[in-house]
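Here's the letter readout for the chains.
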Amino acid sequence: MRSTVLLCTAALAVSGCAGNTATGTASSPPPAQTEAIPDPAARRSSLNGLPESTTFTKLNGLPTDSKQYKSLTGTVVRPLRAKALHTRPEGPTVAVLPTTQLGGPTWVPVLETVPGWQRVLLPSKPNHSTAWLSDEGLETAHTPYAVRVRTGKRRLTLYKSGEPVGTWPVAVGADGTPTPPGWTFVLASMSQKAPSRTGPVVLPVGAHSATLDTFGGGPGTVAFHGWPDQKVFGKAASHGCVRVPEAALKALTLVPLGSPVLITS
Amino acid sequence: MKTLTAVLAAAALTAMPVAAHAKTKRMLYGSAYGLSAEGLIAVAPTPWVVSTTEDTVTKSLVTVPANPLLRGTVNNATASLARASASVVDVAVIALGLQASAIKASCDGGVGGASLADVRLGGQQIPLYPPVNFALNVPLGSLGGAEVTLNRQVRNRDGSLTVTAVHVNVVLAGATTQSIDIAKVTCFRAQAAPAPDFVPGTLPVTG
């Protein structure tokens, strides 16, 4: 994996580390500098000194989502207190899931359940990391929404209760910086005041670029966001993010945190 | 086979009537019980707990009424609308040679699973956490056998999920003569997840 730190202009100090902004390709990163704002939780020691699972961390020793689930049930859980992450039910504790992610509540999708335990997708690296949480101290909810991104067709479809409610052309990762395939989830809903090509709304997901360890001072988090140049939609042009039209972004802002996102070719 | 046939025939003479289940038509509810049997030998769902709200109903430490088919102690049966679990210990289905130290089923917000500890079933290896609808066949002589489904999960028409840790159908001469359920729970989906609030902040993402 390339370990690349791409720096943005001050005007793109947020999620607008957006590649060659003139043409919408990933081949020519913007040259100037920004100040990344790390998640405070990433710097905080957590339960028993174990690392936290956030978009800023990489956790080894956890199982990955290897079952290739055809669909998820829409069940999402929120830890009401920092929860230990186990490699298997009753297994060793290797990390902690904090109550917040990027300033908002932590909601993660449930992959499978056994009595007393829930297996969830995590927001930390590597992609598709999973862990088991005990039932205690979890709030459970149901999201009817799911998002599917087809990178080959460069389209995003939003589903509600299994039915498509909108589909839009989008820009996906360029050949050298593809949008990572597989299941992930809506991690956060962020608004920014600073001007940016991404626009004021950025919706990070639980996945990271597989080719960029860092980007713009951030950890390479993939996100949904807008883009000012309409010509980019329908192209493979980003560093991994999914650039969406305004109507798509408006619909996506209603999608509960933790809602599953499936990225396929 | 003779043993099973004899047991079933003898029991048929003294079979208990199947208990009337809770009448919950068109009503959303969560439910749980530890053990039940229908057919030649009937054992009412024990203990049958039902909740139509988020309030939890629980019954603990209930021993199955004496019968020639199965035994066990229901450690716990608990249900609310969106969460249910049942745990049975020291389980034995005598005619099948099935024994387990603990059998559990759970359902939470519309997803569920099962666990079976220290299971003995005709020398077959049984995983602690069997996959969904894990099927086994237990031969019972020339007349038939038992179809055993572990972690049986059924999505009901009303949207609820029913998880049965162990479901047994005894088929003799081509007909189902006996069914057994161990640790059976039903729950509905959880409350709707909230639409997110925007959080002011910045994160450099991969544009």
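Please read these numbers as outputs of a predicted model, since none were measured by experiment. (Residues numbered from 1 in each chain as written. Chains lettered and ligands numbered in written order. Predicted model: local features only at pLDDT ≥ 70, side-chain atom pairs only at ≥ 80, totals over all residues.)

1. Remarks on the overall build of chain B
Reasoning step 1: Counting its regular elements, chain B contains 1 helix and 14 strands.
Reasoning step 2: Once local pairs closer than 6 in sequence are excluded, the contacts in chain B between residues at least 24 apart make up 54%. (Helix = DSSP H or I, 4+ residues; strand = E, 2+ residues; numbered from the N terminus. Contact = placed C-beta atoms within 7 Å.)

2. Describing the overall build of chain A
Reasoning step 1: Counting secondary structure elements, chain A contains 2 helices and 20 strands.
Reasoning step 2: In chain A, buried positions account for 57% of the 265 residues.
Reasoning step 3: Within chain A, counting contacts between residues at least 6 apart in sequence, those at least 24 apart form 65% of the total. (Buried ≥ 20, exposed ≤ 12 C-beta atoms within 10 Å, placed from the backbone.)

3. Topic: the environment of A:Trp107
Reasoning step 1: Within the secondary structure layout, A:Trp107 lies in the loop between β5 (104-105) and β6 (108-114).
Reasoning step 2: In this structure A:Trp107 touches A:Val76, A:Arg78, A:Pro256, A:Leu257, A:Gly258 and B:Ala193, once residues within four positions along its chain are discounted.

4. Here's the deal with the sheet that holds strand β10 (residues 145-150) of chain A
All names here are of chain A.
Reasoning step 1: Strand order in the open sheet formed by 5 strands is β12-β11-β10-β20-β14, with mixed pairing between adjacent strands. Of all the strands in the sheet, just β12 (163-169) and β14 (182-185) have a single pairing partner and so form its edges. Across the sheet, the mean angle separating the axes of adjacent strands is 20° when strand polarity is ignored.
Reasoning step 2: For β10 and strand β11 (residues 155-160), the ladder comprises 6 bridges, and the chain directions are antiparallel. Residue arginine 148 lies in a different strand from β11, and its bridge partner there is threonine 157. (Pairing = 2+ DSSP bridges. Axes fitted to C-alpha atoms, helices over the stretch in contact; angles between N-to-C directions.)

5. Observations concerning the nonpolar core
Reasoning step 1: Of all hydrophobic cores here, the largest spans 118 residues; its most connected members are A:Val120, A:Val170, B:Ala86, B:Ile103, B:Ala165, B:Ile182 and B:Ala183.
Reasoning step 2: At 6 residues, the largest contribution of residues to this core is made by strand β12 (residues 161-172) of chain B.
Reasoning step 3: Those residues within four positions of A:Val120 in sequence are excluded, and the remaining contacts are A:Val77, A:Val108, A:Pro109, A:Val110, A:Leu111, A:Thr130, A:Ala131 and A:Leu133. (Core = buried A, V, L, I, M, F, W, Y, C linked by C-beta atoms within 7 Å.)

6. Some words on unusual backbone geometry
Reasoning step 1: Omega for the peptide link from A:Lys125 to A:Pro126 comes to -5°, which places this bond in the cis form.
Reasoning step 2: Position of A:Pro126 relative to the elements: it lies in the loop between β7 (117-121) and β8 (130-134).
Reasoning step 3: A cis amide bond links B:Thr46 to the next residue, B:Pro47, at an omega of -20°.
Reasoning step 4: Note on placement: B:Pro47 falls in the loop between β2 (43-46) and β3 (49-51).
Reasoning step 5: Backbone geometry places A:Arg154, a non-glycine residue, at a positive phi of 55°.
Reasoning step 6: Mapped onto the fold, A:Arg154 is located in the loop between β10 and β11.

7. Points about the confidence of the model for chain B
Reasoning step 1: Per-residue confidence for chain B gives a mean pLDDT of 84, with 87% of residues at or over 70.
Reasoning step 2: Scored as a complex, the prediction yields pTM 0.81 and ipTM 0.76. (pLDDT = per-residue confidence, 0-100.)

8. What to know about the interface of chain A and chain B
Reasoning step 1: Facing 56 residues of chain A, the contacting portion of chain B comprises 33 residues.
Reasoning step 2: Listing elements by their share of the side of chain A that touches chain B, those giving two or more residues are β1 (75-79), β6, β9 (138-142), β15 (190-191), β16 (201-208) and β17 (221-225) of chain A.
Reasoning step 3: If you tally residues by element for the side of chain A that touches chain B, the top one is β6(A), at 4 residues.
Reasoning step 4: Here β15(A) runs beside strand β14 (residues 199-200) of chain B; their pairing, made up of 2 bridges, is parallel. When the sheet's bridge partners are listed, A:Met190 is paired in β14(B) with B:Val199.

9. Re the sheet that holds strand β19 (residues 242-243) of chain A
Reasoning step 1: The 5 strands lie next to each other as β19(A)-β17(A)-β16(A)-β15(A)-β14(B), forming an open sheet whose pairing is mixed. The sheet is open, and its two borders are formed by β19 of chain A together with β14 of chain B, each paired with just one other strand.

10. Some remarks on the environment of B:Val50
Reasoning step 1: Here B:Val50 lies in strand β3.
Reasoning step 2: Assessed through the 19 C-beta atoms surrounding it within 10 Å, B:Val50 is described here as partly exposed.

11. Looking at the confidence of the model for chain A
Residue and element names in this part refer to chain A.
Reasoning step 1: On average, residues of chain A score 83 in pLDDT, and 81% of them are at 70 or above.
Reasoning step 2: Long-range and interchain partners of residues 1-38, a stretch whose pLDDT sits below 50, account for 110 contacts in this model, where long-range means more than four residues apart.
Reasoning step 3: Within the model, the stretch residues 40-45 combines pLDDT values under 50 with 9 contacts to residues more than four positions away or in other chains.

12. Overview of the pairing of β10(A)
Residues and elements named next belong to chain A.
Reasoning step 1: In this structure, the hairpin formed by β10 and β11 is closed by a connection of 4 residues, where arginine 154 is found at a positive phi of approximately 55°.
Reasoning step 2: Alignment of β10 against strand β20 (residues 260-264), held across 4 bridges, turns out to be parallel. The partner of arginine 150 across the bridge, within β20, is threonine 264.

13. Section: the environment of A:Val110
All names here are of chain A.
Reasoning step 1: Note that valine 110 resides in strand β6.
Reasoning step 2: Residue valine 110 is classed as buried on the basis of its 25 C-beta neighbours within 10 Å.
Reasoning step 3: In this structure the C-alpha to C-alpha distance between valine 110 and tyrosine 159, which are 49 residues apart in sequence, comes to 18 Å.

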